[in-house]
Amino acid sequence: MNKQTKVWKVFSDEKQEAHHYAEKLKEAVAALQAGKQVAFPTETVYGLGADARVTSAVKGIFEAKGRPSDNPLIVHIATKEQMTELVLPYHPLADALMDKFWPGPLTIILPVRPGSLSPLVTAGLSTVGIRMPDHPIALSLIAQSGCPLAAPSANRSGRPSPTLASHVFEDLQGKVAGIIDGGATGVGLESTVLEVIDTGHIRILRPGGVTIPMLQEAFPNIEIITESELESKQAPRSPGMKYTHYAPQGQLTLVEGKQELVEKYIHEQLIRNKEQQYKVGVLAFEEHIAAYSAEADIVLSLGSIHQLEQAAMKLYAALRQFDELDVQLIWSEVCEPVGIGEALMNRLLKAASHQMIHLL
Ligand code: TXA
Ligand code: MG
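Residues numbered from 1 in each chain as written. Chains lettered and ligands numbered in written order. Predicted model: local features only at pLDDT ≥ 70, side-chain atom pairs only at ≥ 80, totals over all residues. Heavy atoms only, no water.

1. What to know about the side chain of Gln-82
The topology assignment puts Gln-82 in helix α3 (residues 80-84). Once you skip the residues sitting within four places of it in the chain, Gln-82 turns out to touch Ile-77, Ile-142, Gly-146, Cys-147 and Pro-148. (Helix = DSSP H or I, 4+ residues; strand = E, 2+ residues; numbered from the N terminus. Contact = heavy atoms within 4.5 Å.)

Spelled out as C-alpha cells, the structure:
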C-alpha cells in the first residue's frame, strides 16, 4: 500500500530539555499513538519505530522493511521505569550496565514479561533487547508518545543502515507514515547487543558503540565473551547475525596485510578491472587515498586511520554512494578490530559476505 510519507525537520540541540521538542514532534507522536510507523534519529543509526505493544503496528515495521519475521526487534525506552513493566527480574550486572551506559549505544537482552509486548517484537523468544538511546529527539518521542518503541534500523532489509534522513527516504518513501529528520546520526553503526549470562559473564552478540575496552574499564573483573568465538560452534544467538546485512549492490572485497602490499595489490586489481571495463571503487583511509585515485572510478575516504570513529560514521553512507554510482567492484582497506574498529570490521566483513584477501 502506498502511503504519503511526511518528513518533519527537527533541529536537534543537546542543550534543550526533552519538552522543547514536544510541539515539533506532535504529528509524529500522534502517528505512533495511532499505531503507525515513524522513522527517527538515534545516536547510532535511524530507527523505524512503532508501538511495541501493538501487533498491527509492529507488523507494519516488518512489512515496510521487508524484514524476515524470525528476526526480533529492539525496544527503545526513555526511562528505566518504563522498562519495568516489559521485563522480568534480571541479573544485577545488567542493572549496573544500564546505569553506566544508558542512555547510549547499548542493547541489553533481558527476560521478557509475558504479555507485555507484541509477540512479533521478540519473534517468539523469551527475551527482549532493550535500549535507551542517547538522542534528544528519540528520547522526547518515546516520552511524549508514552509508547515503548520497537525499532530496527530504518533501511530496507539488506541495505546499509541509514545515517541520514535522506537514506531512510530512499528506502522507505511511500511505506511509512513519516520520517523525523534530525540530521546525521552520531556513532554511525548500530548499538552493541549483549546479554549477561547466569554465571555473571557478558556475552557480546553484536559489537557496536559501547566497545570491549569501555566495558572492561567499567567492569574490570567481568569476563567478556564475544559471539565470533562462538560462531563456529553453534547457531548464532542473535537471530539477526545469520542474515547478510548491509550489502552494497557491487561486489565488495576486503584486502588485509602490510600497507605497501595492500596498495600494490589493489593497484594491480584496479588496472585489470579497468581493462575489463568494470566500474571500480575503492574504500580507503584518508592517508592512503592517493595510492588509488589514478585508476579507480571513485575512491571514498573512511577518514583518518588514527580516528576510527570517523570511519564508523562514514561507512554506510559510502556503501550507499557506491550503489548510487552503480559501482560493480569495490576494494576496501581494513583496520585493526580494536575498540570501535571491532564493530567496523564486523560490518565490513558482513557487507563483503566475508570475502577478504590476506596478503603475506
Ligand atoms: O543501534 C541500534 O541498535 C539500532 C537503532 C535504531 O536503535 N537498531 C538496530 O536494530 O540496529 P536491528 O533490528 O537492525 O538490529 C537488532 C539486532 C538484530 O541482530 C537482532 O537479531 C538482535 O538485535 N536482537 C533483538 N532481540 C534479540 C533477542 N531477544 N535476543 C538476541 N538478539 C536479539
Ligand atoms: Mg538493521
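2. Re the pattern of salt bridges
This structure, assessed with the given rule, holds 17 salt bridges. Of the charged contacts, one joins Lys-264 and Glu-268 as a salt bridge, the two residues approaching to 3.3 Å between their closest N and O atoms. Pair noted here: Lys-264 and Glu-268 are both in helix α10 (residues 259-275), with a separation of four residues, about one helical turn. As a salt-bridge pair, Lys-274 and Asp-297 come within 2.8 Å of each other at their nearest N and O atoms. Residue Lys-274 is located in helix α10, and its partner Asp-297 is located in the loop between β13 (280-284) and β14 (298-301); the two are separated by 23 residues in the primary sequence. When its relative accessible area of 29% is taken as the criterion, Lys-274 is described as partly exposed. Where salt bridges share partners, they join Arg-159, Glu-170, Asp-171, Arg-320 and Asp-323 into one cluster. (Salt bridge = Lys/Arg side-chain N within 4 Å of Asp/Glu carboxyl O. Buried < 20%, exposed > 50% of the residue type's maximum accessible area, 1.4 Å probe, protein only.)

3. As for the nonpolar core
Membership of the largest hydrophobic core comes to 47 residues, with the highest contact counts inside it found for Val-75, Leu-97, Trp-102, Ile-108 and Ile-130. If we skip the residues at most four places from it in the chain, Val-75 touches Ala-52, Leu-86, Leu-117, Val-121, Val-128, Gly-129, Ile-130, Arg-131, Pro-148, Leu-149 and Ala-150. Counting residues in hydrophobic clusters, the runner-up holds 30 residues, among them Tyr-246, Ala-312, Leu-319 and Phe-322. (Core = buried A, V, L, I, M, F, W, Y, C linked by side-chain atoms within 4.5 Å.)

4. Description of the packing of helix α11 (residues 308-324) against helix α12 (residues 340-351)
At a closest axis distance of 9 Å, the pairing of α11 and α12 adopts a crossing angle of 20°. Our classification of the angle between α11 and α12 gives roughly parallel. Along this stretch, α11 crosses α12, giving a crossing that reads as left-handed. Where α11 approaches α12, its residues Leu-308, Glu-309, Ala-311, Ala-312, Leu-315, Tyr-316 and Leu-319 are matched on the opposing element by Ile-340, Gly-341, Leu-344, Arg-347, Leu-348 and Ala-351. (Axes fitted to C-alpha atoms, helices over the stretch in contact; angles between N-to-C directions. Parallel < 35°, antiparallel > 145°, perpendicular 65-115°, else oblique. Left-handed = near helix turned anticlockwise from the far one by under 90°.)

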